[in-house]
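# Architecture and fold: a report
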Amino acid sequence: MGRQQDVATLIARLQTERLVTLVGTGGVGKSRLAERAAGLLPPDAFESVHWAPLWSLGSRSLLTALVADACGLSDHSSRDPVDALTAWIGSRRILLILDSCEHLIGECAKLLGALLAACPALVVLATSREQLGVAGERAVRVDPLAPDSDALELLTERAAAAGVRWENAEDRVAAAEVCHWLEGLPLAVELAAAQLPERSVRGMARLLSDRLALAEQPDSTVQPSRHRVLRTTIGWSHELCEPTERLLWARLSVFRSDAALDEVVRVCRGGPLTDELVDEAIAGLRRKNLVTVHGDRLRMLDTVREYGAMWLSELGEAGALADRHAEHFDAVAAAADREWWGPDQAAAYTRLSDSHEDLCAALEHFLATDPPRAATLAGNLGFFWACCGYLHEAGHYLEECMLVAEAPASVLAKLCWSLGVVRCLRGEYQEAAGLAERTRTEALRAADETLLADAAYLQGLLMLLRGEPQEAMRTADRALARPHATPAAAARCRLVRVFALTASGSVQSARVEAEAL
Ligand SMILES: Nc1ncnc2c1ncn2[C@@H]1O[C@H](COP(=O)(O)OP(=O)(O)OP(=O)(O)O)[C@@H](O)[C@H]1O
Ligand SMILES: [Mg+2]
């Protein structure tokens, strides 16, 4: 709605500036403006455009990894991640969009400083509630919509979508007043529109004038008025919710990214929220514009989520929900680990990559509350991460988990094995060999045949990389002679055999064994 001029100006700026930051209050439309401008760029403006949403970032130290993921860069080296990213961008003319930088201003400033200095044609568009403070940054303030034109049009359109039309001139005047009180803030207008089926536009104008005029009183001078407007409308939406909707809103805030509908039920049910009531509450939250559905996933805007999180801790449920969320994703990872080597691998892959931010959140929660469990989870994710281009995340979390002293031998074995695979892929063969040996020792201690076979697989791989195919073959064969490893672990050892046969020139036998895999 509106913003044609803002979009045109932004597109022009992106062709002359290196770093443009859209700055403005929550819900004013920064992300939407960035998205719109990116969608309307002339086709030859950039080689490619990469969108990195920072809200859900688990650990500050993973910022560079997230940006690299957004660029589709899968770095298999032990280089510093910033060096790898600068090398990849090089002199390409690409547009990098960092959405929601306000949580990580210092980290973003540092990374962007390095990238912009090293990559002469890189252009960055950031959205943030505050300026980043990087040299050469062009901050563009995003203002709300004009209350008497674009905001009024937005309210009228959204009201019509909710089945409400202005009946007469008084309604139209009241609608204009509502927009005036809401200062044209798009998110506030959207939330207000969703309340109109339950409250007349005139009643709403009256209420807003009461509340916001009241809020002009002494202690409210601390907060800028737009925050107040937003708090008022979100608070209002909250009051209009059924108790079960409020509870679900609070509990939903525990998710770090769009939540699959079946996962919402699993994580958020409990107490007064039966499965059926979760579905009803989702429908209610959708009607109130508090969540939107994309495919089979629920999306909640950051500002709305922040309010939910605040409410969740007021309810005293924050810890319990974080436990439940982490337990759920722990189970998702364990199931994917089992299914990885089978017909459901593609589904397991999709689930894990769609849940990436939530899996990281679960890991961090366990690292803080139940470290041995973090170690189990990281061990289950390690191979997936290594295979699917999340080497930095894998290295980061697996190393943190290695510091967990009291994990059982089987957990330690899996952790060592996963980290060994990561190190091997990064070309750090000596460290990988040490980890393979430790996997073997821990697997023996745990009497775990599968992990023993996996240790052999890693050792075999390393032997192949050192140019010792016969040794690799013997190691794989010794492991295969033991009967009780899982078919997946045995298959990995058979894969080592295939590589060893190929490397020894027995291509025909390698082919036969590969086909039998
Ligand atoms: N010009 C517009 N026309 C219609 N709807 C808009 C417009 N601008 C924003 N909105 C809607 O208002 C809501 C808030 O916008 P958006 O998420 O872009 O805000 P933001 O400034 O990025 O907020 P935050 O600081 O919380 O990230 C969204 O639902 C968005 O679709
Ligand atoms: Mg935003």
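Each remark here, short or long, concerns the structure printed above.
Everything in this summary refers to the structure shown in the same document.

The rules behind each value
- Residues numbered from 1 in each chain as written.
- Chains lettered and ligands numbered in written order.
- Predicted model: local features only at pLDDT ≥ 70, side-chain atom pairs only at ≥ 80, totals over all residues.
- Heavy atoms only, no water.
- Helix = DSSP H or I, 4+ residues; strand = E, 2+ residues; numbered from the N terminus.
- Buried < 20%, exposed > 50% of the residue type's maximum accessible area, 1.4 Å probe, protein only.
- Contact = heavy atoms within 4.5 Å.
- Areas by Shrake-Rupley, 256 points an atom, 1.4 Å probe, with all protein chains shown as cover.
- Lys, Arg positive; Asp, Glu negative; His and termini not counted.
- Charge placed at Lys NZ, Arg CZ, Asp CG, Glu CD.
- Axes fitted to C-alpha atoms, helices over the stretch in contact; angles between N-to-C directions.
- Parallel < 35°, antiparallel > 145°, perpendicular 65-115°, else oblique.
- Left-handed = near helix turned anticlockwise from the far one by under 90°.
- Nonpolar A, V, L, I, M, F, W, Y, C, P; charged D, E, K, R; others polar.
- Near = heavy atom within 4 Å.
- Polar contact = N/O pair within 3.5 Å; in protein donor to acceptor, adjacent residues only side chain to side chain.
- 1 Å grid on protein atoms, 1.4 Å probe; cavity = no way out; pocket = protein on both sides within 12 Å on 5 of 7 lines; lining within 4 Å.
- Points joined across faces, edges and corners; volume = space filled by probe spheres on them.
- Pairing = 2+ DSSP bridges.
- Phe/Tyr/Trp six-rings, centres within 6.5 Å; stacked < 30°, edge-to-face > 60°.
- Lys NZ or Arg CZ within 6 Å of the ring centre and 35° of its normal.
- Core = buried A, V, L, I, M, F, W, Y, C linked by side-chain atoms within 4.5 Å.

## What about the overall build of the protein?
- The number of helices and strands found in the protein is 25 helices and eight strands.
- Oriented by its inertia axes, the alpha-carbon framework of the protein measures out at about 90 × 55 × 40 Å.
- Looking at the protein as a whole, 53% of its 517 residues qualify as buried.
- Looking at the protein alone, contacts between residues at least 24 apart form 73% of all its contacts between residues at least 6 apart.
- A total of about 22,600 Å² of accessible surface is found on the protein, and carbon and sulfur atoms cover 52% of it.
- One finds the centroid of the 53 positive side-chain charges in the protein at a distance of 1 Å from the centroid of its 71 negative side-chain charges.

## Focus on the packing of helix H15 (residues 318-339) against helix H17 (residues 356-369)
- Relative to each other, H15 and H17 sit at 120°, their axes nearing to 9 Å. The orientation of H15 with respect to H17, classified from their angle, is oblique. The two elements H15 and H17 meet at a crossing, and its hand is left-handed. Facing H15, whose interface residues are Gly319, Ala322, Asp323, His325, Ala326, Glu327, Phe329, Asp330 and Ala333, H17 presents Asp358, Leu359, Ala361, Ala362, His365 and Phe366.
- Within the contact of H15 with H17, the residues separate by chemical class into eight nonpolar, three polar and four charged.

## Considering the site of ligand 1
- In the vicinity of ligand 1, 19 residues are found, and the nearest of them are Gly27, Lys30, Arg129, Glu190 and Thr303.
- Between ligand 1 and the protein, one listed contact pairs an oxygen atom with a backbone N or O atom of Gly29 at 3.0 Å.
- One of the side-chain N or O atoms of Arg129 is found 2.8 Å from an oxygen atom in ligand 1.
- Expressed as a share of its isolated accessible area of 630 Å², the protein-covered part of ligand 1 is 91%.
- For the shell around ligand 1, the secondary-structure elements that each account for two or more residues are helix H2 (30-39), helix H8 (186-195) and helix H14 (302-314).

## Remarks on the layout of surface pockets
- One number sums up the size of the second largest pocket: a volume of about 440 Å³.
- Lining the second largest pocket are 23 residues, with Asp337, Asn380, Lys414, Thr450 and Arg492 positioned closest to its centre.
- For the lining of the second largest pocket, the elements supplying multiple residues, two or more each, are H15, helix H18 (371-387), helix H20 (409-425), helix H22 (449-465) and helix H24 (487-503).
- Per element, the largest residue contribution to the lining of the second largest pocket is six residues, and it comes from H18.
- Here the lining of the second largest pocket is composed, by residue class, of 11 nonpolar, six polar and six charged.

## Quick notes on the sheet that holds strand E6 (residues 259-260)
- Taken in spatial order, the three strands line up as E6-E8-E7 in an open sheet, and their pairing is antiparallel. The open sheet has two edge strands with one neighbour each: E6 and strand E7 (292-294).

## Digging into the packing of aromatic side chains
- Summed over all chains, the structure comprises eight aromatic pairs.
- When the ring of Phe384 is compared with that of Tyr390, the centres are 5.9 Å apart and the planes differ by 40°; the resulting orientation is tilted. The same class applies to Phe384 and to Tyr390, which are both buried.
- Among the aromatic residues, those joined into a ring-pair cluster are Trp340, Tyr349, Phe384 and Tyr390.
- One cation-aromatic arrangement involves Arg92 over Trp88; the distance from NZ or CZ to the ring centre is 4.2 Å.
- Its guanidinium or amino end placed over the ring of Trp55, Arg305 lies 4.0 Å from that ring's centre, counting from NZ or CZ.

## What about the side chain of Ser237?
- For Ser237, the position within the fold is in helix H10 (residues 225-240).
- The contact partners of Ser237, leaving out residues within four places of it in the chain, are Leu191, Gln195, Trp249, Lys288 and Leu290.

## Remarks on the nonpolar core
- Grouped together as the largest cluster of nonpolar side chains are 171 residues, with contacts concentrated most on Leu248, Leu252 and Val264.
- In this structure, Leu252 is in contact with Val264, Cys268, Leu285, Val291, Leu298 and Met300, ignoring residues within four places of it in sequence.

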